[in-house]
Amino acid sequence: MHTVKGRTRMDAVQPPIVAVIGDLIRQVPGTISLGQGVVHYGPPPAALNVAREAIANPDTHAYQDGAGMRALVGAIEDKLQRDNGIEVARGTRVMITAGANMAFVHAVLAITEVGDEVILPVPFYFNHEMAVQMAGCTAVRVPTDDRYQLDVEAMRAAVTPRTRAIVTVTPNNPTGAVYPEASLCAVSRLCREHGLYHISDEVYEYFTYGKARHVSPAGFEGASSYTISLFSLSKAYGFAGWRIGYMAYPEALADAIAKVQDTVLVCPPVLSQIAAVAAMEVGPAYTRRHLKPLAEIHDIVARELRALEPLCTVPPADGAFYCFLRVNADADAMEIAERLIREHRVAVIPGTAFGVADGCYFRVAYGALQKDTVAEGIGRLVGGLRALLGR
Ligand SMILES: Cc1ncc(COP(=O)(O)O)c(C=O)c1O
């Protein structure tokens, strides 16, 4: 058999870690996964009902408007105004994509040239680094502080003439940190001063606990002309498999974004959009209903993991459904993650996937846990880490 040889742009890109861990999980039946960032609930029943009816309509099976169906774009515009303080009428456009990951790729392709730089606070969401590299750009890693909060001065120091954008994710994957308005404002000002885009990933916008509140940077005075905001129905509405996300972006990028959309998606999946309209009609009350039990699970996870101190440090995680624990011992994160699955039947994601090169870190995802599985899952993790790290 003849194989075509040669290097490609993908050689420098890390393998998709969730799939790697997923393969290991399949080898060890009965493993409790604290790996993938998913919620335990599905879409609102109203969304499923309209989708069932829409199958009979021939229009459902045809190409439709590239930017998204008018009914969905309209519902999203209302939501952006209501929940995010983003005025769509004033120079902001909406594009529906097949998930927020695609929206991020659209944004990077639309605003960069090969060789440009995009600043990512570390730990980052791995697909962001992967997308930047696939676009032929450099992901510039900037550290956060010991509570995983933004270090705006470190970001400032990282800006070069090739910098095109700064990315923030709040509430954060993988750390669960929620950034306060003041630090988002400082990042936004930095972008304005240097003529950069601020790419703001807000897929966990509704997932905050206690006193933490989500703030949308595009709502800051004058910021909408350089802020690209990314959202998703995957988590909020249990829609992960329906692949619906969207971006609110400055009008000046409309032609560039339309070129990417037309080339990679043509139009967002029609059946999913019809279901999404119904989900948006149900509104964030749906998410909030599921957030109550999730907040209890958040508290249990935080309490149980604290038992690992001083072996591990667990900074506050008031958002999304992740904790990012730092192991205060010399150990290889991937090796420990593999042994946690094989020997203790519990899966977490090693911190190396999120760009932390020094030290041993793990992301713990608890969005899919229920009250009856949380004790068992976290119990295995705590017991496993103690056994493997010898304390
Ligand atoms: C920060 C962040 N952005 C984007 C996504 C992808 O969301 P979607 O399913 O809408 O592509 C995820 C999924 O885990 C995420 O954690």
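Quick look at the structure, then.

Rules used in this analysis
- Residues numbered from 1 in each chain as written.
- Predicted model: local features only at pLDDT ≥ 70, side-chain atom pairs only at ≥ 80, totals over all residues.
- Heavy atoms only, no water.
- Pairing = 2+ DSSP bridges.
- Helix = DSSP H or I, 4+ residues; strand = E, 2+ residues; numbered from the N terminus.
- Axes fitted to C-alpha atoms, helices over the stretch in contact; angles between N-to-C directions.
- Contact = heavy atoms within 4.5 Å.
- Near = heavy atom within 4 Å.
- Polar contact = N/O pair within 3.5 Å; in protein donor to acceptor, adjacent residues only side chain to side chain.
- Areas by Shrake-Rupley, 256 points an atom, 1.4 Å probe, with all protein chains shown as cover.
- Nonpolar A, V, L, I, M, F, W, Y, C, P; charged D, E, K, R; others polar.
- Core = buried A, V, L, I, M, F, W, Y, C linked by side-chain atoms within 4.5 Å.
- Buried < 20%, exposed > 50% of the residue type's maximum accessible area, 1.4 Å probe, protein only.
- Arc of directions from axis to C-beta.
- Left-handed = near helix turned anticlockwise from the far one by under 90°.
- Salt bridge = Lys/Arg side-chain N within 4 Å of Asp/Glu carboxyl O.

**Some points on the sheet that holds strand S12 (residues 349-350)**
Item 1. Within the open sheet, the 4 strands sit side by side as S9-S10-S13-S12. Their pairing is antiparallel. If you trace the sheet from one side to the other, it starts and ends with strand S9 (312-313) and S12, each paired once.
Item 2. The sheet contact formed by S12 and strand S13 (residues 360-365) spans 2 bridges and is antiparallel. Residue Ile349 lies in a different strand from S13, and its bridge partner there is Arg363.

**Topic: the sheet that holds strand S8 (residues 245-250)**
Item 1. Strand order in this open sheet of 7 strands is S2-S8-S7-S6-S5-S3-S4, and the pairing throughout is mixed. At either end of the open sheet lies a strand with only one pairing partner, and these are strand S2 (92-97) and strand S4 (138-143). Averaged over all neighbouring strand pairs, the angle between strand axes comes to 20°, with direction disregarded.
Item 2. Inspection of the sheet shows strand S6 (residues 197-201) paired to strand S7 (residues 227-232) by 4 bridges, in the parallel sense. The residue bridging Ser200 from the neighbouring strand is Ser229, located in S7.
Item 3. Contacts between helix H4 (residues 100-111) and the sheet are confined to S2, strand S5 (163-169), S6, S7 and S8, with S7 contributing the most and set at about 160° to the helix.

**Quick look at the site of the ligand**
Item 1. Taken together, 13 residues form the shell around the ligand, and within it Ala100, Asp201, Tyr204, Ser232 and Ser234 come nearest.
Item 2. Between a nitrogen atom of the ligand and a side-chain N or O atom of Asp201, the distance comes to 2.6 Å.
Item 3. Contacts to the ligand include Ser232, whose side-chain N or O atom sits 2.6 Å from an oxygen atom.
Item 4. For the ligand, whose free accessible area comes to 400 Å², the fraction covered by protein is 93%.
Item 5. Counted by class, the shell around the ligand contains 5 nonpolar, 5 polar and 3 charged residues.

**Describing the nonpolar core**
Item 1. With 72 residues, the main nonpolar core has Phe207, Leu305, Phe362 and Leu385 as its most contacted residues.
Item 2. Apart from the residues lying within four places of it in its own chain, the contact partners of Leu305 are Val314, Cys323, Leu325, Val364, Ile378, Leu381 and Val382.
Item 3. In terms of nonpolar packing, the next biggest core, distinct from the first, is built from 68 residues, Val122, Cys191, Val215 and Ala353 among them.

**Quick notes on helix H1 (residues 17-27)**
Item 1. Three or more residues of H1 are buried, namely Ile17, Ile21, Gly22, Leu24 and Ile25. Buried residues of H1, seen end-on, are gathered within an arc of 165° and therefore sit on one face of the element.
Item 2. Looking at the buried side of H1, the elements it contacts are strand S1 (32-33), helix H5 (126-134), helix H11 (333-344), strand S11 (346-347) and S12.

**Things to note about the packing of helix H2 (residues 45-54) against helix H9 (residues 270-282)**
Two packed helices can be described by the angle between their axes and the distance between those axes.
Item 1. The contact between H2 and H9 brings their axes to 8 Å, and the two run at 150°. Crossing angle aside, the handedness with which H2 passes H9 is right-handed. Counted together, Ala46, Ala47, Val50, Ala51 and Ala54 of H2 and Leu271, Ile274, Ala275, Ala278, Ala279 and Val282 of H9 form the full contact between these two elements.
Item 2. For the contact of H2 with H9, a count of residues per class yields 11 nonpolar, no polar and no charged.

**Quick look at unusual backbone geometry**
Item 1. Residue Pro123 is reached from Val122 by a cis peptide bond, and omega for that bond is 5°.
Item 2. Among the structural elements, Pro123 can be located in the loop between strand S3 (117-122) and H5.
Item 3. Here Asn173 and Pro174 are connected by a cis peptide whose omega angle stands at 20°.
Item 4. Inspection of the secondary structure assignment puts Pro174 in the loop between S5 and helix H7 (181-194).

**Some details on the pattern of salt bridges**
A side chain with one charge can pair with a side chain of the opposite charge if their charged atoms come near.
Item 1. Within the structure shown, the criterion is met by 16 salt bridges.
Item 2. For the salt bridge of Asp116 with Arg162, the shortest nitrogen-to-oxygen distance reads 2.8 Å. Linking Asp116 in the loop between H4 and S3 with Arg162 in the loop between helix H6 (152-158) and S5, this pair joins segments that are 46 residues apart in sequence.
Item 3. Exposure remark for Arg162: the relative accessible area of 35% places this residue in the partly exposed category.
Item 4. Connected through salt bridges with shared partners, the residues Asp116, Arg162 and Arg164 form a single ionic network.

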